[in-house]
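A structural walkthrough
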Amino acid sequence: MTGRIVVLISGSGSNMEALADACLDGRVPGAIVAVVADRECIGLKLAEQRELDHLLVRPKNYESRDAWNEVLRDEVASREPDLVVSAGFMRILAPIFVDAFEGKLINLHPSLLPSFKGAHAVRDALEFGVKVTGSTVHFVDNDVDHGPIIMQKPTPVRDDDTEETLHERIKALEHRLLPEVCTLLLEGRVELVDRRVRIKPRER
Ligand code: GRF
């Protein structure tokens, strides 16, 4: 089985690359069929270098947030994805998009949710003084950084950490976490009961 994965990005795209590598070496039973960005970014260039289908859908070219989300939804839907992965996508998706991909749309967030939601999670965790932080992959719903949690990985915060060093360590975790979660989803092993996710064992 080869799952069809669309990745949404806004930045450096290191998670997109980690996922692309995991697809190529067979750790993930899927392939990235498109990389979609909301701005010019390094990740988009990397997608081009990898000869992945890639496109830019800029919000400012549309008259409203909903109009932009509609175009984004149609572009993504046209790739017939099994999985839509928001990996460093710095926009809040509107219900018009989210509702179209229920159960297939996941987000990667650099904290142990529900702590430190929002765009500055790494900085906020550091400033708050937590001793452990990490990363979360969760289903996207219509509240920000709120949907059911699929998997989390922790990392200790060191006394000499800066936002940059801590984020780098979190990203190193994410590069393993995201492919792992994509595999579980594509294998149909993620079960949702209310808002609790259970991972089913692999069938023999
Ligand atoms: C990741 O840390 C992710 O959790 C957050 O943004 C970062 C994206 O990094 N939402 P990259 O663009 O994949 O390098």
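What you are looking at is a predicted structure, and each value in this text was computed from that prediction instead of being measured. (Residues numbered from 1 in each chain as written. Predicted model: local features only at pLDDT ≥ 70, side-chain atom pairs only at ≥ 80, totals over all residues. Heavy atoms only, no water.)

1. Considering the site of the ligand
For clarity, the cut-off: We call a residue near a molecule or strand when any one of its heavy atoms sits within 4 Å of it. Side-chain atoms alone can form a polar contact between residues adjacent in sequence; in general such a contact is a pair of N or O atoms within 3.5 Å, and within protein one must be able to donate a hydrogen while the other accepts it. A 1.4 Å probe and the Shrake-Rupley method give the accessible areas. Residues count as covered only by the protein chains that appear here. A run of H or I in DSSP becomes a helix once it reaches four residues, and a run of E becomes a strand once it reaches two; helices and strands are each numbered from the N terminus. Charged means Asp, Glu, Lys or Arg here, nonpolar means Ala, Val, Leu, Ile, Met, Phe, Trp, Tyr, Cys or Pro, and polar covers whatever is left, Gly included.
Every residue close to the ligand is listed here: Ser12, Gly13, Ser14, Asn15, Gly88, Leu108, His109, Pro110, His167, Lys171 and Glu174. Measuring from an oxygen atom of the ligand, one finds a backbone N or O atom of Gly13 at 2.8 Å. At a separation of 2.5 Å, an oxygen atom of the ligand approaches a polar side-chain atom of Glu174. The protein chains hide 92% of the 370 Å² of surface that the ligand would expose on its own. Contributing elements (two or more residues each) for the shell around the ligand: α1 (14-24), β5 (105-109) and α6 (163-186). Looking at the shell around the ligand element by element, the count peaks at three residues for α6. A per-class count over the shell around the ligand returns two nonpolar, seven polar and two charged.

2. Description of the sheet that holds strand β4 (residues 83-86)
Our working definition: Should DSSP find at least two bridges between two strands, the strands are regarded as paired. Simply put, an axis is a line fit to the C-alpha atoms, just over the touching stretch for a helix, and the angle between two N-to-C directions goes from 0 to 180 degrees. Here, residues are in contact when the closest pair of their heavy atoms is within 4.5 Å.
In spatial order, the strands read β3-β2-β1-β4-β5-β6-β7; together these seven strands make up an open sheet with mixed pairing. Two strands bound the open sheet, and with one partner strand each, they are β3 (54-56) and β7 (149-156). The average undirected angle you get between the axes of adjacent strands in this sheet is 20 degrees. Bridge count for strand β1 (residues 3-9) against strand β2 (residues 30-37) is seven bridges, and the pairing is parallel. If you follow Val6 over to β2, its bridge partner there is Ala34. Of the strands in this sheet, β1, β2, β4 and β5 touch α1, which is tilted by about 160 degrees from β2. Strands in contact with α6 are β1, β2, β4, β5, β6 (132-139) and β7; relative to β7, the strand with the most contacts, it is inclined by about 155 degrees.

3. Comments concerning the packing of aromatic side chains
How we decide: For Phe, Tyr and Trp, where Trp contributes only its six-membered ring, two rings pair if their centres lie within 6.5 Å, and the inter-plane angle classes them as stacked under 30 degrees, edge-to-face over 60, or tilted in between. Accessible area is worked out with a 1.4 Å probe on protein chains only. A residue is then buried under 20% of its type maximum, exposed over 50%, and partly exposed in between.
As enumerated under the stated definition, the model contains three aromatic pairs in all. With a centroid separation of 6.3 Å and an interplanar angle of 15 degrees, the aromatic rings of Trp68 and Phe89 are classed as stacked. Taken together, the residues span a long stretch of sequence, with Trp68 in helix α3 (residues 65-78) and Phe89 in the loop between β4 and α4 (95-98) at a distance of 21 residues. Each member of the pair, Trp68 together with Phe89, is buried. Plain terms: the ring middles of Phe97 and Phe101 are 4.9 Å apart, the flat faces sit at 50 degrees to each other, and that makes the pair tilted. With relative accessibility at 0%, the residue Phe97 sits in the buried group.

4. Things to note about the pattern of salt bridges
The line we're drawing: Any Lys or Arg side-chain nitrogen found within 4 Å of a carboxyl oxygen on Asp or Glu counts as a salt bridge.
Taken as a whole and judged by the stated rule, the model has 14 salt bridges. Salt-bridge contacts for Arg50 lead to Asp21; the nearest nitrogen and oxygen are separated by 2.9 Å. Here Arg50 is found in the loop between α2 (42-49) and β3, whereas its partner Asp21 is found in helix α1, with 29 residues between them in sequence. By relative accessible area, Asp21 is classed as partly exposed at 35%. Glu163 is paired through a salt bridge with Arg123; the nearest N and O atoms lie 3.3 Å apart. You can see Glu163 sitting in helix α6 and its partner Arg123 sitting in helix α5 (residues 121-128), a full 40 residues away along the chain. Given a relative accessible area of 33%, Arg123 falls into the partly exposed group. Taken together, the shared-partner salt bridges in this structure form one network comprising Glu17, Asp21 and Arg50.

5. Comments concerning the nonpolar core
So the rule is basically this: Take the buried Ala, Val, Leu, Ile, Met, Phe, Trp, Tyr and Cys residues and link them wherever side-chain atoms come within 4.5 Å; each set so joined is a nonpolar core.
Formed by 35 residues in total, the largest nonpolar core has its most connected members in Ile5, Met16, Leu19, Val85, Ile106 and Ile150. At seven residues, the largest contribution of residues to this core is made by α6. Setting aside residues no more than four positions away along its own chain, Val85 makes contact with Ile5, Val6, Val7, Leu8, Leu19, Ile106, Leu178 and Cys182. Core analysis: the next-biggest nonpolar cluster, separate from the first, contains 17 residues, Leu55, Trp68, Leu93 and Phe97 among them.

6. Some points on the packing of α5 against α6
Test applied: Take the far helix as your reference; a near helix turned counterclockwise from it by less than a right angle gives a left-handed crossing, and one turned clockwise gives a right-handed crossing.
Across the interface, α5 lies against α6 with an axial gap of 9 Å and an inter-helix angle of 120 degrees. Where α5 crosses over α6, the handedness of that crossing is right-handed. Along the contact surface, α5 presents Val122, Arg123 and Leu126, while α6 presents Glu163, Leu166, His167 and Ile170.

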